[in-house]
Amino acid sequence: MTQMMDYDVVIVGGGPGGLTAGLYTARANRKVVCLEKYLPGGQIAVTGDVEDYPGFERIQGADLAMKFADHAKSFGLEVRMEEVEEVYTDGDYRITRCASGNLYRGKAVIISTGGSPVLLSIPGEKEYTGKGVSYCAICDGAFFREKVIAVVGGGDAAVEEGTFLTKFASKVIIIHRRDQLRAQKIIQQRAFDNPKVEFIWDTVPESIEGDGTRVTHVMLKNVKTGEKSKLDVGAVFPYIGFRPNSGITREKLQTNEGGYIVTNDRMETSLAGIFACGDVRAQLVRQITNAVGDGTTAAVAAEKYIEALEDKHARRA
Ligand code: NAP
């Protein structure tokens, strides 16, 4: 049976940004729910070691996610497993409709839905995710010390992250489907100048293979000649694009050319009463630390928005 439930604030997405927004909103004594499709934690719940969150020299992503969730829940955040399909405006209320049919009515909504890497969609990619296939060089690069690492793509992310991975790898091989990079020239030059970076041009990976526990090689195809080859590697980092999960509002929300939600410094979006934080938001850095900061700001700004709304209602009464 479907239900309509009332909250002050509805948070869509339970990653670090959403859970922090939940913590601050709950501490402001507001009735708040965080709706998450899978497990609380978002991308960090499926990340191995986290070594760049202050206060924890090294912690498993899943453990940090659990700490974020437990902390926020201890102050009254409700976390519910729901797949959100749509957020829309109904007068002074913001309605969140879920695949279950449940409706959550809030005075404000905070969107913290993050984003998803574009997948290669080739055999072995899913099977070896977490066993040599990774979409986060900062998170996982250190696990592949002195290994040959393949990076796929020719954009800013592939070339920049490929260069970063040379800190750990014996060699980084960037596999690109054309013979020219899309990445900015300065990023390209840094890679060309790095003796540990090599390129394989006009080539795409066709499968990622291994011994069942770890990646051992990729099978490649030259798109011009059709020639196939085998490349021995210890890890594969696909960087063929990242799509923000920003398309959940019924009314049009302002996004940038990459589809990221544009906010001001209060995390307000172009739609009144709808805030955004974390990876789904247009900004320079996509790390746990700044998602947490965004979540704090979004919660405080949402609280101020609700106070103004309540004042308006009180004056009308
Ligand atoms: P991107 O710019 O869209 O580049 C994706 C790359 O992957 C392209 O080189 C593309 O090849 C290749 N590709 C796409 N589909 C593929 C497939 N199925 N198989 C093989 N290769 C495929 O994505 P991004 O590098 O993730 O960057 C996303 C946005 O973030 C961009 O706006 C970028 O400027 C920005 N960004 C900026 C920085 C920075 O400024 N430091 C760092 C990271 C990201 P083609 O070139 O042939 O299309």
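Keep in mind it's a predicted model, so treat the numbers as computed, not measured.

**Remarks on the state of the cysteines**
And step 1. This structure, assessed with the given rule, holds one disulfide.
And step 2. Residue Cys 136 pairs covalently with Cys 139 via a disulfide, S to S 2.0 Å. The chirality of the disulfide connecting Cys 136 with Cys 139 is right-handed, given an S-S dihedral of about 70°.
And step 3. Overall, Cys 136 belongs to the partly exposed group, its relative accessible area being 24%.
And step 4. No disulfide involves Cys 98; its sulfur sits 11 Å from that of Cys 34, the nearest cysteine.
And step 5. The thiol sulfur of Cys 277 is not disulfide-bonded, and the nearest other cysteine sulfur, from Cys 34, lies at 9.4 Å.

**Some details on the environment of Asn 256**
And step 1. Secondary-structure assignment places Asn 256 in the loop between strand 19 (242–244) and strand 20 (274–276).
And step 2. For the pair Asn 256 and Ala 282, spaced 26 residues apart in the sequence, the C-alpha separation amounts to 7.0 Å.
And step 3. One polar contact links the side chain of Asn 256 to the main-chain amide nitrogen of Gly 258, over a distance of 2.9 Å.

**A look at the sheet that holds strand 8 (residues 93–98)**
And step 1. Strand order in the open sheet made by the four strands is 1-9-8-7, with mixed pairing throughout. A single partner strand is all that each edge strand has here, and the edge strands are strand 1 (4–6) and strand 7 (84–90). Taking the axes of each pair of neighbouring strands and ignoring which way they run, one obtains an average angle of 20° across the sheet.
And step 2. Relative to strand 9 (residues 103–106), strand 8 runs antiparallel, the two being bridged by four bridges. Bridging from a neighbouring strand, Thr 96 pairs with Tyr 104 of strand 9.

**Structural notes on the nonpolar core**
And step 1. Core analysis: the largest hydrophobic core is formed by 33 residues, its most contacted members being Leu 64, Phe 68, Ile 110, Phe 275 and Ile 288.
And step 2. The element best represented in this core is helix 6 (residues 288–316), accounting for nine residues.
And step 3. Once residues within four sequence positions are removed from consideration, Ile 110 is found in contact with Val 9, Val 10, Ile 11, Val 12, Ala 21, Phe 275, Cys 277, Ala 298, Ala 299 and Ala 302.
And step 4. In terms of nonpolar packing, the next biggest core, distinct from the first, is built from 20 residues, Ile 149, Val 159, Ala 169 and Ile 174 among them.

**Notes on the domain arrangement of the protein**
And step 1. Domain parsing of the protein yields domain 1 (4–116 + 242–316) and domain 2 (137–238).
And step 2. Computed from C-alpha atoms alone, the centre-to-centre distance between domain 1 and domain 2 is 34 Å.

**Topic: a nonpolar patch on the surface**
And step 1. There is a patch of nonpolar side chains on the surface, built from Tyr 38, Leu 39 and Met 81 and spanning about 400 Å² of accessible area.
And step 2. If you trace the backbone, Met 81 turns up in strand 6 (residues 78–81).

**A few points about the site of the ligand**
And step 1. The full set close to the ligand counts 15 residues, and Asp 156, Glu 160, Arg 177, Arg 178 and Arg 182 are the nearest of them.
And step 2. In the environment of the ligand, an oxygen atom lies 2.7 Å from a nitrogen or oxygen atom belonging to the side chain of Arg 178.
And step 3. The contact in question runs from an oxygen atom of the ligand to an N or O atom on the side chain of Gln 184, over 3.1 Å.
And step 4. Taking 910 Å² as the accessible area of the ligand by itself, protein coverage stands at 66%.
And step 5. Ranked by residues supplied to the shell around the ligand, first place goes to helix 4 (residues 156–165) with three residues.
And step 6. Here the residues of the shell around the ligand are counted per class, giving four nonpolar, six polar and five charged.

What counts as what
- Residues numbered from 1 in each chain as written.
- Predicted model: local features only at pLDDT ≥ 70, side-chain atom pairs only at ≥ 80, totals over all residues.
- Heavy atoms only, no water.
- Disulfide = S-S within 2.5 Å.
- Buried < 20%, exposed > 50% of the residue type's maximum accessible area, 1.4 Å probe, protein only.
- Helix = DSSP H or I, 4+ residues; strand = E, 2+ residues; numbered from the N terminus.
- Polar contact = N/O pair within 3.5 Å; in protein donor to acceptor, adjacent residues only side chain to side chain.
- Pairing = 2+ DSSP bridges.
- Axes fitted to C-alpha atoms, helices over the stretch in contact; angles between N-to-C directions.
- Core = buried A, V, L, I, M, F, W, Y, C linked by side-chain atoms within 4.5 Å.
- Contact = heavy atoms within 4.5 Å.
- Domains from an automatic or database assignment.
- Patch = residues over 30% accessible without salt bridge, like charges linked within 9 Å, V, L, I, M, F, W, Y side chains within 5 Å.
- Areas by Shrake-Rupley, 256 points an atom, 1.4 Å probe, with all protein chains shown as cover.
- Salt bridge = Lys/Arg side-chain N within 4 Å of Asp/Glu carboxyl O.
- Near = heavy atom within 4 Å.
- Nonpolar A, V, L, I, M, F, W, Y, C, P; charged D, E, K, R; others polar.

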